[in-house]
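For reference, the chains in residue letters:
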Amino acid sequence: MNNIWGSMEQYDPVVWNWIIAVYLFMAGLSAGSMLVAIGLKWYKQSRGLPTEGLPVVKAAAVIAPVSICLGMALLVLDLTKPFEFYHILLNYNLTSVMAWGVIALLVYIPLVFVFAGLVFEEPIRRCVPALNGVLKVCRSLEGSLNKLIFALALCVGVYTGFLLSAMISYPILNTAVLPALFLASALSAGSAGNILVATLFFSKKESDCIEQVHRIEYPVAFNEALCLVLLFVGLNFSGPAAQAATSAITSGAWASVFWLGVVGLGLVVPLSASLFAPQSWKHSKGFLVTVSCSTILGVLALRHFVVYAGQSYIS
Amino acid sequence: MTKRYVLVHDENKCIGCQACNVACRSENNVPESVTRIQVRIEGPHGNFPNLHFKYNRVSCEQCENAPCVKVCPTGAAYVADDGIVSINEKKCVGCLYCVAACPYKVRFINPDTKVPDKCDFCKKTRLARGESPACVSVCPTDALCFGDANDPQSEVSQLLDTKTNYQQKANLGTQPRVYRIPSRKGGIKA
């Protein structure tokens, strides 16, 4: 039967779709891989160890620029007026989280290319000698640049959470936990991505500094799990609409995505792998690739769950 | 004194005839697949023989503290001098942030312009000529009342001062400028 008042199609509460979920994942992956790589560099420097040519840092230098650029391409294509996207670079409304994100990305994106340029300095000098001067200047600023990139990567990781939490009528999204959850999951995607690319393309020994990256996985996974618990326990105490939204993890298709994807692939598989797998497996290529792919898929599932389930429940 | 345009919807007088919906469509050239205003007929509520329907007007609430304006990255969604939440089509890139952020779900993408569209109290046409919005003029039961709430003599001020009224989702702090006079039967569901 048709409604007398007309079609309800335009009133679908899910406005942002999987393209946004994939963008949020890509931005998190880029920011996370930068945070892990720069953190690892600082860790090595503080112990007086060499930091040149680390496979994990090389991996981050590939992942960070590629994933943020792919994410940006998706974001622009998703606009209803993609050819007029430049207006977002000219006009800034500073009450909007998105405007802050644009400012952060505007500085972050060129700097991750500089980071990659310094990591792959030798081949670049050989192929494009014209860049010698620029690379020299960047190298002299490397210390400060790394600090700036680290700070901006934090901003990029966190802003994607604030972007969603600013929407006041979606109880699952409108929480202070969301930015922390996104940062924690960005770090797990980033470290898993770094391990994956490092093992596949850059590692000579199969366990090159992957050990150190593994060490942050427990606290990161613990934080991610804690944020998820806080999110849903908090909803349970925040009034009837928020309470109704807790059914996002008990019923419907997104509940399976949550338990199988976010909890299963993202938390249970990687943690039980590092707890229970025999020592002989731990540094084998197949094992590292499987576990990091599982973590990455878990974070991708988390972004989809948050975007879709988050918008499905409105207060 | 600046104007503060408000709309009052009397849910006792409304009969859900959709004349407002049709008038809005023709006045504002709203494409067929979308709509700026609906009056949803909800119910029946209550127990026989005390049954009643709820007539729920769904259109832009003209929030004084508008979430769509706060989240718009370019300032394309803005509150104009007349207090009406408006859209600058030239600045908009179509990120849909305002559509997602609106708690009342009344923003939609106009398929012709690719820009978010919504009720603007007919400000460029009828209001500019000193007339009431199309929905108000056409309403057969006078369920709608439009005017300046800053003028204590206006009909809307009198109505808001003398009749029980409520705003939808007041708990979100958006301060809507669409007020509703609740049906005399049953409870108020904001």
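Cut-off values and rules
Residues numbered from 1 in each chain as written. Chains lettered and ligands numbered in written order. Predicted model: local features only at pLDDT ≥ 70, side-chain atom pairs only at ≥ 80, totals over all residues. Heavy atoms only, no water. Helix = DSSP H or I, 4+ residues; strand = E, 2+ residues; numbered from the N terminus. Rg over C-alpha atoms; globule rule 2.2 N^0.38 Å. Buried < 20%, exposed > 50% of the residue type's maximum accessible area, 1.4 Å probe, protein only. Patch = residues over 30% accessible without salt bridge, like charges linked within 9 Å, V, L, I, M, F, W, Y side chains within 5 Å. Areas by Shrake-Rupley, 256 points an atom, 1.4 Å probe, with all protein chains shown as cover. Salt bridge = Lys/Arg side-chain N within 4 Å of Asp/Glu carboxyl O. 1 Å grid on protein atoms, 1.4 Å probe; cavity = no way out; pocket = protein on both sides within 12 Å on 5 of 7 lines; lining within 4 Å. Points joined across faces, edges and corners; volume = space filled by probe spheres on them. UniProt positions renumbered as here; feature names shortened; annotations may be inferred. Phe/Tyr/Trp six-rings, centres within 6.5 Å; stacked < 30°, edge-to-face > 60°. Lys NZ or Arg CZ within 6 Å of the ring centre and 35° of its normal. Axes fitted to C-alpha atoms, helices over the stretch in contact; angles between N-to-C directions. Parallel < 35°, antiparallel > 145°, perpendicular 65-115°, else oblique. Contact = heavy atoms within 4.5 Å. Nonpolar A, V, L, I, M, F, W, Y, C, P; charged D, E, K, R; others polar. Pairing = 2+ DSSP bridges. Buried area = accessible area lost by both parts, 1.4 Å probe.

## Comments concerning the overall build of chain B
In step 1: The number of helices and strands found in chain B is five helices and nine strands.
In step 2: Ordered by position in the sequence, the α and β elements of chain B form the string β-α-β-β-α-β-β-α-β-β-α-β-α-β.
In step 3: By the compact-globule yardstick of 16 Å for 190 residues, chain B fits well, its C-alpha radius of gyration being 17 Å.
In step 4: For the C-alpha atoms alone, the extent of chain B along its principal axes is close to 55 × 40 × 35 Å.
In step 5: Within chain B, buried positions represent 57% of all 190 residues.

## Focus on a nonpolar patch on the surface
All names here are of chain A.
In step 1: Nonpolar side chains collect at one region of the surface, where F85, Y86, L89, L90, Y92, L94, W100, I103, L106, V107 and L148 lie side by side and expose about 990 Å² of accessible area between them.
In step 2: Looking at the nonpolar patch, the elements that each hand over two or more residues are α3 (87-90) and α4 (97-119).
In step 3: With four residues, α4 is the single largest residue contributor to the nonpolar patch.
In step 4: On the secondary structure map, L106 appears in helix α4.
In step 5: Overall, L106 belongs to the partly exposed group, its relative accessible area being 46%.

## Concerning the layout of surface pockets
Residues and elements named next belong to chain B.
In step 1: Empty space within the largest pocket amounts to approximately 590 Å³.
In step 2: Around the largest pocket sit 32 residues that line it, and E42, K54, N56, Q168 and K189 are the ones nearest its centre.
In step 3: Of all the secondary structure elements, the ones that give two or more residues to the lining of the largest pocket are β2 (38-45) and β3 (52-58).
In step 4: Considering every element that reaches the lining of the largest pocket, the biggest residue donor is β3, with six residues.

## Structural notes on the environment of N132 of chain A
In step 1: Within the fold, N132 of chain A resides in helix α6 (residues 132-140).
In step 2: Along the backbone, N132 of chain A and E122 of chain A are 10 residues apart, and their C-alpha atoms lie at a distance of 10.0 Å.

## Let's talk about the UniProt feature "transmembrane region" (unreviewed entry) in chain A
Residue and element names in this part refer to chain A.
In step 1: Taken from the UniProt record, the annotation "transmembrane region" (unreviewed entry) applies to residues 20-43, 55-77, 97-120, 148-170, 176-197, 218-237, 257-277 and 286-306.
In step 2: Between the end C-alpha atoms of residues 20-43 there is a gap of 34 Å, over a span that is 100% helix and 0% strand.
In step 3: The span residues 286-306 carries 100% helix and 0% strand; its end-to-end C-alpha distance comes to 30 Å.

## Considering the packing of aromatic side chains
In step 1: All chains considered together, the criterion is met by 11 aromatic pairs over all chains.
In step 2: Here W281 of chain A and F287 of chain A contribute two aromatic rings whose centre-to-centre distance is 6.2 Å and whose plane-to-plane angle is 65 degrees, an arrangement assigned as edge-to-face.
In step 3: Judged by relative accessible area, which is 48%, W281 of chain A ranks as partly exposed.
In step 4: The structure contains a cluster of three or more aromatic residues connected by ring pairs, namely F232, F258, W259 and F305 of chain A.
In step 5: Above the face of the F182 of chain A ring, R303 of chain A is positioned so that its terminal group lies 4.1 Å from the ring centre.
In step 6: Looking at R40 of chain B, its charged tip hangs above the ring of Y11 of chain A, at a distance of 4.4 Å from the centre.

## Things to note about the packing of helix α2 (residues 55-78) of chain A against helix α8 (residues 177-202) of chain A
Residues and elements named next belong to chain A.
In step 1: For the pair α2 and α8, the least separation of the axes is 8 Å and the interaxial angle reads 105 degrees. Between α2 and α8, the interaxial angle falls into the category roughly perpendicular. Together, P55, V56, K58, A59, A60, V62 and I63 of α2 and G193, N194, V197, A198 and F202 of α8 make up the contact between the two elements.
In step 2: Residue composition of the contact of α2 with α8, grouped by class: nine nonpolar, two polar and one charged.

## Quick notes on the sheet that holds strand β9 (residues 178-181) of chain B
Residues and elements named next belong to chain B.
In step 1: In spatial order, the strands read β8-β1-β9; together these three strands make up an open sheet with mixed pairing. Only two strands of the sheet have a single neighbouring strand rather than two, namely β8 (144-148) and β9. Recorded for the sheet is a direction-independent mean angle of 20 degrees between the axes of neighbouring strands.
In step 2: Direction of pairing for strand β1 (residues 5-10) relative to β9: parallel, over a ladder of four bridges. Along β9, the bridge assignment pairs L7 with V178.
In step 3: Where helix α5 (residues 155-162) meets the sheet, it contacts β1, β8 and β9, and its direction lies at approximately 115 degrees from that of β8.

## So, the environment of G28 of chain A
Residues and elements named next belong to chain A.
In step 1: By the secondary structure assignment, G28 is in helix α1 (residues 18-46).
In step 2: For the pair formed by G28 and Q311, sequence separation is 283 residues and the distance between their alpha carbons is 20 Å.
In step 3: Each residue touching G28, except ones within four places of it in the same chain, is listed here: A186 and R303.

## Examining the pairing of β1 of chain B
All names here are of chain B.
In step 1: Where burial is concerned, most of β1 is hidden: six out of the six residues are buried.
In step 2: Because side chains alternate across β1, one face comprises the buried residues Y5, L7 and H9, and the other comprises V6, V8 and D10, equally buried.
In step 3: Sheet topology note: the β1/β8 ladder contains five bridges and is antiparallel. Counterpart to V8 in the pairing with β8 is C145.

## Topic: the interface of chain B and chain A
In step 1: If you look at the interface, chain B gives 42 residues, while chain A gives 36 residues.
In step 2: For the pair chain B and chain A, the summed buried area comes to about 3,100 Å², and 60% of that belongs to carbon and sulfur atoms.
In step 3: Summed over the three residues of chain B that lose the most area to chain A, namely V93, Y97 and K105 of chain B, the buried surface amounts to 22% of that side.
In step 4: Applying the counting criterion to the chain B and chain A interface returns zero salt bridges.

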